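One letter stands for each residue in the lines below.
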Amino acid sequence: MSEDLSPTFVTITDEDGNDIELEFVDALEHNGQKYMAFFPAETEDSDEENADTGLVILKAVTENGEEMLSTLDSDEELDAVYDLFMESLFEDEEDENP
């Protein structure tokens, strides 16, 4: 029982060059594509009133042999994958609370 339960953080750069720190929540595969879910990390200098605390879903894509994270292509894709993550997260929560 040597599971590492410490959170995993990644830093991504948006299209405006701003660095955003995200906390990894879960990953799943859907239609042959790997998706990852994150929550924005709380930092000391973040503005809590303006913080976007929603689930961030990105997909893993390979470019030039390197795995990168990318936004989803459509709202339909986002909706389908979001629903899968919600099912998975709530299923895990139910398993923890008998």
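Before any of the text, the structure's been laid out above.
Every value quoted in this text rests on a predicted model; they were computed, and no experiment measured them.

Draft legend 1. Geometry of the packing of aromatic side chains. Evaluation of the coordinates by the stated rule reveals one aromatic pair. Between Phe24 and Phe38, the aromatic rings sit 5.8 Å apart at their centres with planes inclined by 70°, giving edge-to-face as the arrangement. Residue Phe24 is found in strand S2 (residues 19-30), and its partner Phe38 is found in strand S3 (residues 33-40); the two are separated by 14 residues along the sequence. Overall, the relative accessible area of 1% leaves Phe38 in the buried class.

Draft legend 2. Local environment of the pairing of strand S5 (residues 66-70). As paired strands, strand S4 (residues 56-63) and S5 are joined by five bridges and run antiparallel to one another. Considered in S5, the bridge of Glu63 is made with Glu66. What sits between S4 and S5 in their antiparallel hairpin is a turn of two residues, with Asn64 showing a positive phi close to 55°.

Draft legend 3. Broad picture of a negative patch on the surface. Together, Asp75, Glu76, Asp79, Asp83, Glu87 and Glu91 give the surface a local cluster of negative charge. Mapping Asp75 onto the fold places it in helix H1 (residues 75-96). Residue classification places Asp75 among the exposed residues on the basis of a relative accessible area of 57%.

Draft legend 4. Seen up close, the pairing of S2. Of the pairings in the sheet, the one linking strand S1 (residues 9-13) to S2 comprises five bridges and is antiparallel in character. Along S2, the bridge assignment pairs Ile12 with Ile20. Counting the residues in the hairpin turn of S1 and S2 gives five residues, including Gly17, whose phi is positive at 85°. Sheet analysis places S2 next to S3, joined by eight bridges and oriented antiparallel.

Draft legend 5. Geometry of the sheet that holds S2. Across the sheet, which stays open at both edges, the five strands sit in the order S1-S2-S3-S4-S5 with antiparallel pairing between neighbours. Two strands in the sheet have a free side with no partner beyond their single neighbour: S1 and S5. Pairs of neighbouring strands in the sheet enclose a mean axial angle of 45°, with direction left out of account.

Draft legend 6. Up close: the nonpolar core. Among the nonpolar cores identified, the biggest contains nine residues, and these are Leu28, Tyr35, Ala37, Leu55, Ile57, Leu72, Val81, Phe85 and Met86. Elements with a contribution of two residues or more to this core: S3 and H1. The element contributing the most residues to this core is H1, with three residues. Setting aside chain neighbours within four positions, we find Leu72 in contact with Tyr35, Ile57, Leu58, Lys59, Glu77, Leu78 and Val81.

So, how was this worked out
Residues numbered from 1 in each chain as written. Predicted model: local features only at pLDDT ≥ 70, side-chain atom pairs only at ≥ 80, totals over all residues. Heavy atoms only, no water. Phe/Tyr/Trp six-rings, centres within 6.5 Å; stacked < 30°, edge-to-face > 60°. Helix = DSSP H or I, 4+ residues; strand = E, 2+ residues; numbered from the N terminus. Buried < 20%, exposed > 50% of the residue type's maximum accessible area, 1.4 Å probe, protein only. Pairing = 2+ DSSP bridges. Patch = residues over 30% accessible without salt bridge, like charges linked within 9 Å, V, L, I, M, F, W, Y side chains within 5 Å. Areas by Shrake-Rupley, 256 points an atom, 1.4 Å probe, with all protein chains shown as cover. Salt bridge = Lys/Arg side-chain N within 4 Å of Asp/Glu carboxyl O. Lys, Arg positive; Asp, Glu negative; His and termini not counted. Charge placed at Lys NZ, Arg CZ, Asp CG, Glu CD. Axes fitted to C-alpha atoms, helices over the stretch in contact; angles between N-to-C directions. Core = buried A, V, L, I, M, F, W, Y, C linked by side-chain atoms within 4.5 Å. Contact = heavy atoms within 4.5 Å.

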